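# Analysis of the macromolecular model
Here is how the chains run, residue by residue.
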Amino acid sequence: MSARATCDAASLYWQVGLRGFRRYATYRAATFAGVVTNTVFGFLRAYVFVALFSGHADVGGYDLSDTLTYTFVSQGIIMAIFLWGWWEIALGVRSGAVVTDFSRPIDYQFYWLAQDLGRSVYHLIFRGIPPFIVGALAFHLRFPQHPWTWLAFALSVELGVCVSFALRFMVNLSAFWLLDYRGVGTIMQAVWTFFSGFAIPIAFFPGALRTVSEMLPFAAMLATPVNVFLEKAQGLDLAAALAFQAGWAVVLLLVGRLMLAAATRKVVIQGG
Amino acid sequence: MADLLSIYVHIMAARMRAQLQYRVSFVLQLVGSFSLSFTDFAVVLVIFAHLPYLAGWSLGEVAFLYGTSYMAFQLSDIAVGQLDQLPVLIQSGDFDMVLIRPLGALFQVVTLDFTLRRFGAFGQGALVFALALARTDIHWTAGRVLVLTLMPVWSIPIFASVWVVGATSAFWAVRSMEVINLVTHGGQLLTQYPLQVFGAWIQRLVIFVVPLAFVNYFPSLYVLGKPDPLGAPEFVRFASPVVAIVLVVVAGRIWNFGVRHYRSTGS
Amino acid sequence: MAPIVSVENLEKRFAVSRKRQGARGLLGKLARETIDVRAVDGISFSIQPGEMVGYIGPNGAGKSTTIKMLTGILVPSSGLVRVAGLDPSRRRIELTRHIGMVFGQRTQLWWDLPLRDSFDLLRYIYRVPVERFRVNLDTFVELLDLGPVLDTPVRQLSLGQRMRGDLAASLLHDPEILYLDEPTIGLDVVVKARIREFLAELNRERGVTVLLTTHDISDIERLCSRVMIIDRGHLIYDGSLSAIKERFGDERMLVVDLEEPAPPIDVPGAIVEKVDGPRQWLRFHRSETTAAALIAAVAARVRLRDLTIEEPEIEDIVRRIYGGADPGRAR
């Protein structure tokens with residue numbers, strides 16, 4: 001690819017991402033309702049953890065402040081990362097609109113990824129910051145010591161979005177083969193609610209469950225970014241954590257591409 | 001009343017027939033509902049992997065609260081969860097249709113659909129409850145058996161009334177409902193744990209304002225024979241039926257008030 | 001006979017919040033003011049049993065708001081409403097048994113159920129005796145030709161089929177009054193004709209009182225002996241269709257074919273409405289000039305090849321009334 005073509009492609013995806021950002025910026029009332037929800041659930045969970053720590057100073061390497069920070073950060077970034085009930089591609093498959101999308105001169109997977117990244121930046125800022133601020137007013141939360149941590153955190157969240165997108169992309173594409181993609185989606189949602197460390201930190205999991213969960217891609221979605229925020233990994237460990245996320249993102253996006261290729265063949269041969 | 005029940009049965013039967021047509025889809029949704037709701041209990045299990053008592057409650061006792069809360073909430077959801085569709089009905093003007101039929105508006109809204117898949121989450125709650133009964137050493141007396149068996153009689157109406165009040169706000173501001181319904185969905189999480197876990201302001205809120213503490217917390221103190229660390233008087237443990245009746249009446253009044261302010265903005 | 005519908009000084013005000021003028025940005029969000037919009041502004045009328053009344057007016061004039069107050073969907077701000085002897089907003093549920101309602105733009109059928117199941121559910125809901133239900137269903141299925149689609153889910157029906165299904169559904173409980181809100185909107189000529197025939201027969205055979213709102217004046221020409229026109233919340237006409245012509249229709253159109261195209265003809269007492277090549281349309285008012293004087297004036301200015309004088313169509317008159325022509329002048 002020439003430098004010029006690379007530049008054109010980059011600006012195209014930049015525009016797509018910008019559109020994703022603006023698309024969600026119009027739903028201000030929904031954003032407000034979401035912020036209230038995340039904040040309230042943050043409080044309820046925080047109180048449960050306070051009770052848990054009444055008999056302990058340390059659980060799985062976390063103290064109470066770590067855990068409360070973990071709670072409000074994860075409530076804040078949950079929308080940026082997961083986007084519950086995102087079925088745009090599956091609906092396109094059902095309606096047949098996907099066929100025209102395939103014929104566009106833009107990479108189908110990267111198009112949606114760019115849009116999702118744009119969206120996630122909006123959600124990270126507007127759904128992420130308010131619950132954390134309210135939480136910090138009520139509890140003792142831990143702020144990063146090093147200014148660079150903020151940057152590493154933002155990067156880590158976006159890598160988490162890439163992993164999450166890759167998984168959601170596959171679940172959506174399953175609509176090509178399965179009549180009931182929603183049932184599959186709910187089961188997947190259960191898996192990543194628990195194994196991402198959203199319901200409770202993975203560090204609290206007992207023994208082998210913790211070891212296995214820390215290696216799964218679900219950890220790369222949420223647990224890693226929050227741990228980066230808590231500065232649990234620094235220096236080389238931080239690089240390793242980001243590499244862990246990037247590795248899963250690449251692998252899962254590639255698997256998604258294989259699925260996409262199979263889906264495209266299916267469309268070409270059977271006409272959808 | 002018997003008439004209403006027979007209409008309900010007929011509407012629901014028609015709906016169920018439509019849903020059961022796609023059997024695989026139904027089973028998958030049931031499994032999805034079960035597993036997603038199970039993540040809530042997984043959290044309880046992880047917590048108890050680190051300590052024997054949470055705020056003085058054993059795993060079996062917390063499971064008792066969790067199970068009763070889950071079953072009551074899911075049954076209320078099955079009964080009145082369709083109220084979440086009210087903003088859509090109001091915005092589209094389809095609420096008009098509800099008002100030209102010879103049935104109560106509330107009855108019609110809650111029977112708009114019947115989500116069988118929620119029995120997945122209900123089953124999860126029932127399973128945890130069975131575990132609780134096996135793990136706790138309850139000294140069964142006639143009174144305790146009675147309170148336990150009667151629990152659905154008040155717990156479902158309390159959740160449902162809160163739901164109705166939250167939904168009524170949609171007659172004025174469609175988005176307000178999402179925020180108010182937080183109380184119901186948040187209430188499900190809240191009633192899974194002993195009340196003393198939560199901050200004082202939350203305790204006051206769910207005792208005096210949105211009386212979710214009467215769903216299962218106070219009656220469970222009686223059934224499990226536990227002292228109340230909040231120091232509420234003894235009769236509070238038996239006040240749930242009265243609370244439920246008052247709430248149902250208040251919710252009904254508020255709902256009727258809302259319906260009279262319906263503006264029918266659709267065409 | 002006692003009227004089946006009577007309305008006195010009926011009003012409906014809506015509080016509408018809007019941006020204060022001149023306030024912008026964040027200030028505009030905060031500086032909102034509430035103004036009262038009078039959707040229905042003091043109207044009175046009554047309808048006798050067995051009448052078929054057309055209720056027309058431009059969009060937003062207050063037609064639907066009136067009908068919604070007659071059914072109890074909306075609570076009036078002030079004034080008196082009695083339908084079948086009942087106050088609709090106070091005794092809505094009781095009233096529903098006396099009324100049937102069809103909205104052209106939405107359905108009261110169950111979207112995912114076959115038509116037959118919807119009818120069956122309505123039988124339970126309205127507690128229609130089985131024999132009566134059978135008779136009604138058979139009658140309506142035959143008259144509306146619903147037999148072939150009875151087992152089709154409603155979402156798969158065409159607009160015309162759905163509309164006929166809705167009509168049948170609204171009548172299963174033998175209502176005395178039928179409200180129809182745009183029942184022929186978007187339908188083709190054949191279905192329209194069928195529905196009109198059905199309504200006429202329903203009124204003739206069963207004496208059902210019909211109140212019909214529509215944009216299609218031909219619906220009213222075929223069905224209604226009486227028309228009410230509402231504009232900006234006021235009832236501006238209530239009488240027979242033919243009397244509209246006498247009251248508002250004193251304008252005519254002179255259509256002239258010229259030898260060659262010409263600029264709009266400037267003659268006193270007439271306005272050129274339209275020019276199409278050598279043909280021009282001149283609107284004139286009976287009270288201002290006569291046809292003979294106008295023709296003479298035109299002939300003096302241009303060379304004529306042919307001419308006709310058109311009586312106004314009801315539809316044109318109504319459109320002009322909507323268009324803001326001052327009804328006070330005709331009064």
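Analysis parameters
Residues numbered from 1 in each chain as written. Chains lettered and ligands numbered in written order. Predicted model: local features only at pLDDT ≥ 70, side-chain atom pairs only at ≥ 80, totals over all residues. Heavy atoms only, no water. Helix = DSSP H or I, 4+ residues; strand = E, 2+ residues; numbered from the N terminus. Buried < 20%, exposed > 50% of the residue type's maximum accessible area, 1.4 Å probe, protein only. Contact = heavy atoms within 4.5 Å. Lys, Arg positive; Asp, Glu negative; His and termini not counted. Charge placed at Lys NZ, Arg CZ, Asp CG, Glu CD. pLDDT = per-residue confidence, 0-100. Pairing = 2+ DSSP bridges. Right-handed = clockwise from strand over helix to strand, strands pointing away. Core = buried A, V, L, I, M, F, W, Y, C linked by side-chain atoms within 4.5 Å. Axes fitted to C-alpha atoms, helices over the stretch in contact; angles between N-to-C directions. Left-handed = near helix turned anticlockwise from the far one by under 90°. Nonpolar A, V, L, I, M, F, W, Y, C, P; charged D, E, K, R; others polar. Domains from an automatic or database assignment. Buried area = accessible area lost by both parts, 1.4 Å probe. Salt bridge = Lys/Arg side-chain N within 4 Å of Asp/Glu carboxyl O. Polar contact = N/O pair within 3.5 Å; in protein donor to acceptor, adjacent residues only side chain to side chain. Phe/Tyr/Trp six-rings, centres within 6.5 Å; stacked < 30°, edge-to-face > 60°. Lys NZ or Arg CZ within 6 Å of the ring centre and 35° of its normal. Patch = residues over 30% accessible without salt bridge, like charges linked within 9 Å, V, L, I, M, F, W, Y side chains within 5 Å. Areas by Shrake-Rupley, 256 points an atom, 1.4 Å probe, with all protein chains shown as cover.

## As for the overall build of chain C
Helices and strands together make up the secondary structure of chain C, namely 12 helices and 13 strands. Once the C-alpha set of chain C is aligned to its principal axes, its extents read approximately 75 × 55 × 45 Å. Going through the 331 residues of chain C one by one, you find that 50% of them count as buried. Long-range pairs, those at least 24 residues apart, make up 69% of the contacts in chain C between residues at least 6 apart in sequence. A distance of 7 Å separates the average location of the 47 positive side-chain charges in chain C from that of its 47 negative side-chain charges.

## Notes on the confidence of the model for chain C
Put simply, chain C has an average pLDDT of 86, and 93% of its residues get 70 or more. For residues 325-331 of chain C, every residue scores under 50 in pLDDT, and the model assigns this stretch 9 contacts once sequence neighbours within four places are set aside.

## Some details on the pairing of strand β6 (residues 177-181) of chain C
Put simply, side chains in a regular strand alternate between the two faces of the sheet. All names here are of chain C. Of all 5 residues that make up β6, 5 are buried, and the element is covered over most of its length. Burial along β6 is two-sided: the residues Ile 177, Tyr 179 and Asp 181 and Leu 178 and Leu 180 are all buried. The sheet contact formed by strand β5 (residues 99-103) and β6 spans 5 bridges and is parallel. Bridge pairing links Val 102 to Leu 180 in β6. The pairing of β6 with strand β7 (residues 209-213) spans 5 bridges and is classified as parallel. Residue Leu 180 lies in a different strand from β7, and its bridge partner there is Leu 212. Once you follow β6 into helix α7 (residues 189-206) and on to β7, the crossover reads as right-handed.

## Points about the side chain of Gln 75 of chain A
Residue and element names in this part refer to chain A. Structurally, Gln 75 is set in helix α3 (residues 64-81). Under the relative-accessibility criterion, Gln 75 is labelled buried at 3%. In this structure, Gln 75 is in contact with Asn 38, Phe 41, Gly 42, Arg 45 and Phe 198, ignoring residues within four places of it in sequence.

## A closer look at the nonpolar core
With 193 residues, the main nonpolar core has Phe 204 of chain A together with Leu 86, Phe 95 and Trp 255 of chain B as its most contacted residues. A total of 13 residues in this core trace back to one element, the largest contributor, which is helix α8 (residues 147-173) of chain A. Residues in contact with Leu 86 of chain B, not counting those within four places in the same chain, are Phe 95, Val 109, Ala 167, Ala 170, Phe 171 and Trp 255 of chain B. Ranked by size, the runner-up nonpolar core spans 66 residues in total, among them Phe 26 of chain B together with Val 141, Val 149 and Leu 171 of chain C.

## What about the packing of helix α4 (residues 115-126) of chain C against helix α5 (residues 130-143) of chain C?
Residues and elements named next belong to chain C. Relative to each other, α4 and α5 sit at 145 degrees, their axes nearing to 11 Å. For the pair α4 and α5, the crossing hand works out as right-handed. Facing α4, whose interface residues are Phe 119, Asp 120 and Arg 123, α5 presents Val 130, Phe 133 and Leu 137. Along the lines of polarity and charge, the residues of the contact of α4 with α5 split into 4 nonpolar, no polar and 2 charged.

## Overview of the domain arrangement of chain C
The assigned domain composition of chain C is domain 1 (48-245) and domain 2 (250-311). For domain 1 of chain C and domain 2 of chain C, the distance between their C-alpha centroids amounts to 44 Å.

## Here's the deal with the interface of chain A and chain B
With 32 residues of chain A at the contact, the number on the chain B side is 32 residues. The largest per-residue losses of area from chain A upon contact with chain B belong to Leu 44, Tyr 47 and Val 48 of chain A, which jointly make up 21% of the total buried on that side. Between chain A and chain B we count 0 salt bridges in total. At the junction of chain A and chain B, the tally comes to 3 residue pairs in polar contact (both at pLDDT 80 or more). For the side of chain A that touches chain B, the secondary structure elements donating two or more residues are α2 (28-52) and α9 (181-195) of chain A. The greatest single-element share of the side of chain A that touches chain B, amounting to 15 residues, is contributed by α2 of chain A.

## Quick notes on the confidence of the model for chain B
Per-residue confidence for chain B gives a mean pLDDT of 90; residues scoring 70 or more make up 99%. At the level of individual helices and strands, chain B shows its lowest average pLDDT in helix α1 (residues 2-20) of chain B, which scores 75, and its highest in helix α13 (residues 240-260) of chain B, which scores 96.

## Concerning the interface of chain B and chain C
Listed by partner, the interface residues are 28 residues for chain B and 30 residues for chain C. For the pair chain B and chain C, the summed buried area comes to about 2900 Å², and 54% of that belongs to carbon and sulfur atoms. Viewed at the interface, chain C and chain B are joined by 3 salt bridges. The partner of Asp 96 of chain B in a salt bridge is Arg 106 of chain C, with the nearest N and O atoms 3.2 Å apart. Connecting chain B to chain C are 11 residue pairs in polar contact (both at pLDDT 80 or more). Those elements that provide at least two residues to the side of chain B that touches chain C are α1 and α5 (95-99) of chain B.

## Concerning the sheet that holds strand β10 (residues 251-258) of chain C
All names here are of chain C. Reading across from one edge, β11-β12-β10-β13 is the order of the 4 strands in this open sheet, with antiparallel pairing throughout. Every interior strand has two partners, whereas the edge strands, β11 (270-276) and β13 (304-310), have only one. On average, each strand axis in the sheet is inclined to that of its neighbour by 20 degrees, with strand direction left out of account. Across 6 bridges, the pairing between β10 and β13 is antiparallel.

## Regarding unusual backbone geometry
Backbone phi values are negative for most residues with the exception of glycine, while trans is the configuration of most peptide bonds. All names here are of chain C. Non-glycine residue Ala 84 carries a positive phi angle of around 50 degrees. Owing to a relative accessible area of 26%, Ala 84 belongs among the partly exposed residues under this scheme. Located in the positive-phi region is Asp 174, a residue other than glycine, with phi close to 55 degrees. Along the polypeptide, Asp 174 turns up in the loop between α6 (159-171) and β6.

## As for the packing of aromatic side chains
Taken as a whole and assessed by the stated rule, the structure comprises 49 aromatic pairs over all chains. Taking the centre distance of 5.4 Å and the plane angle of 65 degrees together, the rings of Phe 171 of chain B and Trp 255 of chain B count as edge-to-face. Within this pair, whereas Phe 171 of chain B is found in the loop between α8 (142-168) and α9 (176-180), its partner Trp 255 of chain B is found in helix α13, the two being separated by 84 residues in sequence. Residue Trp 255 of chain B is classed as buried on the basis of its relative accessible area, which comes to 3%. Members of the aromatic cluster, each reached through a chain of ring pairs, are Phe 43, Tyr 47, Phe 72 and Phe 139 of chain A together with Phe 198 and Trp 201 of chain B. If you follow Arg 45 of chain A out to its NZ or CZ, it ends over the ring of Phe 198 of chain A, 5.5 Å from the centre. Its guanidinium or amino end placed over the ring of Tyr 222 of chain B, Arg 144 of chain B lies 5.8 Å from that ring's centre, counting from NZ or CZ.

## Section: the pattern of salt bridges
All names here are of chain C. Here the structure, examined in full by the defined rule, presents 31 salt bridges over all chains. In this structure, Glu 11 and Arg 13 form a salt bridge, with 2.6 Å as the shortest nitrogen-oxygen distance. Overall, Arg 13 belongs to the partly exposed group, its relative accessible area being 30%. Notably, a salt bridge pairs Asp 174 with Arg 132, separated by 2.6 Å at the nearest N-O pair. Here Asp 174 is found in the loop between α6 and β6, whereas its partner Arg 132 is found in helix α5, with 42 residues between them in sequence. In this structure Asp 174 comes out as partly exposed when scored by relative accessible area, which is 28%. Exposure remark for Arg 132: the relative accessible area of 34% places this residue in the partly exposed category. One network of salt bridges, in which partners are shared, links Glu 11, Arg 13, Asp 36, Arg 38 and Asp 41.

## Here we look at a nonpolar patch on the surface
A cluster of nonpolar residues, Val 121, Ile 125, Phe 126, Ile 129, Ile 133 and Leu 137 of chain A, forms a patch on the protein surface that exposes about 550 Å² of accessible area. By relative accessible area, which is 73% here, Leu 137 of chain A ends up exposed.

## Examining the environment of Asp 116 of chain A
With respect to the helices and strands, the residue Asp 116 of chain A is situated in helix α6 (residues 108-126). A relative accessible area of 4% means that Asp 116 of chain A is categorised as buried.

## Examining the sheet that holds β5 of chain C
Residues and elements named next belong to chain C. Spatial ordering of the open sheet is given by β5-β6-β7-β3-β8-β9, a layout of 6 strands whose pairing is mixed. Every interior strand has two partners, whereas the edge strands, β5 and β9 (234-240), have only one. With strand direction ignored, the average angle separating the axes of adjacent strands in the sheet is 15 degrees. Packing against the sheet, α6 makes contact with β5 and β6, and its axis sits at approximately 165 degrees to β5.

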